[in-house]
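Residue-level structure breakdown
Below are the chains, spelled out letter by letter.
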Amino acid sequence: MRFVIQILLWLVIIFLAYLTFNAVYEPIQFNKVKEKRYTKVIKNLKDIRNAELAHQEVTGQFQGDWDKLVRFVDTAEFAITQRRDTTLLDEEYKKTYGVDQYIEKVIVDTLGFVPVKDSLFKGNEERYRTMMNVPIDGVDAKFELEAGTITKGDNKIPVFEAKVAKAVVLSDQDKTLILQENEVQSVDDVNGRYISVGSMTEVSTSGNGFDRYGGDKDN
């Protein structure tokens, strides 16, 4: 009996040691996986943001449809412009008062055009054609995309948001650790349940976690 009890005690000790090891090891491995995947996801989100900003610059609005956004990048052009100051005679003032008066104006000259895809994705067109796909092996999902306007004072301001749930990006990881990750609140990490860029409720083109995982300081 003494021998059996000793064996049982050793089994309990080994089991507790295993649990202690896992309690430390699993979060470390989870964080390694998370950092690699978040970096890939944010790279795509930055491409999406660049495409959306180009769409806004050319059309005045953001785009909430993937097919239309890809078609825009594939076909649209940026105008290359040059601004110059000039002084013009105010003809109406001279007719009214018989005195010369000059007004200063800024004239914008269009020098030419450059394709959006060459400006943003030259040498790697596959990036904008697949930027909507979550870039994680074994994950068959697309980023959620919305666009519209919000009202600020008397103005309607264009906004957009692209996002993917952390649970999708980390779908093959420990569910308890994913739930803990959804509760993260930190100034330099990805807060909340989603990895995202833009906002449908605020005027913003920033992304959560971009500083840490994307080397991005832009707002």
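Every value quoted in this text rests on a predicted model; they were computed, and no experiment measured them.

Reading the values: the criteria
- Residues numbered from 1 in each chain as written.
- Predicted model: local features only at pLDDT ≥ 70, side-chain atom pairs only at ≥ 80, totals over all residues.
- Heavy atoms only, no water.
- Helix = DSSP H or I, 4+ residues; strand = E, 2+ residues; numbered from the N terminus.
- Contact = heavy atoms within 4.5 Å.
- Domains from an automatic or database assignment.
- Polar contact = N/O pair within 3.5 Å; in protein donor to acceptor, adjacent residues only side chain to side chain.
- Buried < 20%, exposed > 50% of the residue type's maximum accessible area, 1.4 Å probe, protein only.
- Arc of directions from axis to C-beta.
- Pairing = 2+ DSSP bridges.
- Phe/Tyr/Trp six-rings, centres within 6.5 Å; stacked < 30°, edge-to-face > 60°.
- Lys NZ or Arg CZ within 6 Å of the ring centre and 35° of its normal.

With that out of the way, let us pick up the environment of Lys117. Within the fold, Lys117 resides in helix H4 (residues 116–121). Spatially, the C-alpha atoms of Lys117 and Tyr213 are 25 Å apart, while their sequence positions differ by 96 residues. Other than its neighbours up to four places away in sequence, Lys117 contacts Val73, Asp74, Lys122, Glu125 and Tyr128.

Moving on, we get to the domain arrangement of the chain. Along its sequence, the chain is organised into domain 1 (1–74 + 117–214) and domain 2 (78–114). A straight line from the C-alpha centre of domain 1 to that of domain 2 covers 48 Å.

With that settled, the discussion passes to the side chain of Lys166. Residue position: Lys166 is located in helix H6 (residues 166–169). From its side chain, Lys166 meets the backbone oxygen of Val190 in a polar contact 2.6 Å long. Ignoring sequence-local partners within four residues, the contact set of Lys166 consists of Tyr38, Glu181, Asn182, Val184, Val190, Asn191, Gly192, Arg193, Tyr194 and Ile195.

Another aspect to go through is helix H7 (residues 175–182). Buried within H7 we find Leu177, Ile178, Glu181 and Asn182. Projected down its long axis, H7 shows its buried positions confined to an angular sector of 145 degrees, all on one face. Where H7 starts, the residue carrying a side-chain oxygen 3.0 Å from the main-chain nitrogen of Thr176 turns out to be Asp174.

A few words now on the pairing of strand S3 (residues 144–152). As paired strands, S3 and strand S4 (residues 155–165) are joined by 9 bridges and run antiparallel to one another. Bridge pairing in S4 places Glu144 opposite Lys163. Between S3 and the antiparallel strand that follows it, S4, lie 2 residues; Gly153 among them carries a positive phi value of about 65 degrees.

Right, let's get into the packing of aromatic side chains. Tallied over the full model, the rule gives 3 aromatic pairs. Between the aromatic rings of Phe121 and Tyr128, the centroid separation amounts to 5.5 Å while the plane-to-plane angle is 45 degrees, which identifies the pairing as tilted. Under the relative-accessibility criterion, Phe121 is labelled buried at 1%. We classify Tyr128 as buried; its relative accessible area is 0%. Sitting above the plane of the Tyr194 ring, Lys163 keeps its charged end 4.3 Å from the centroid.

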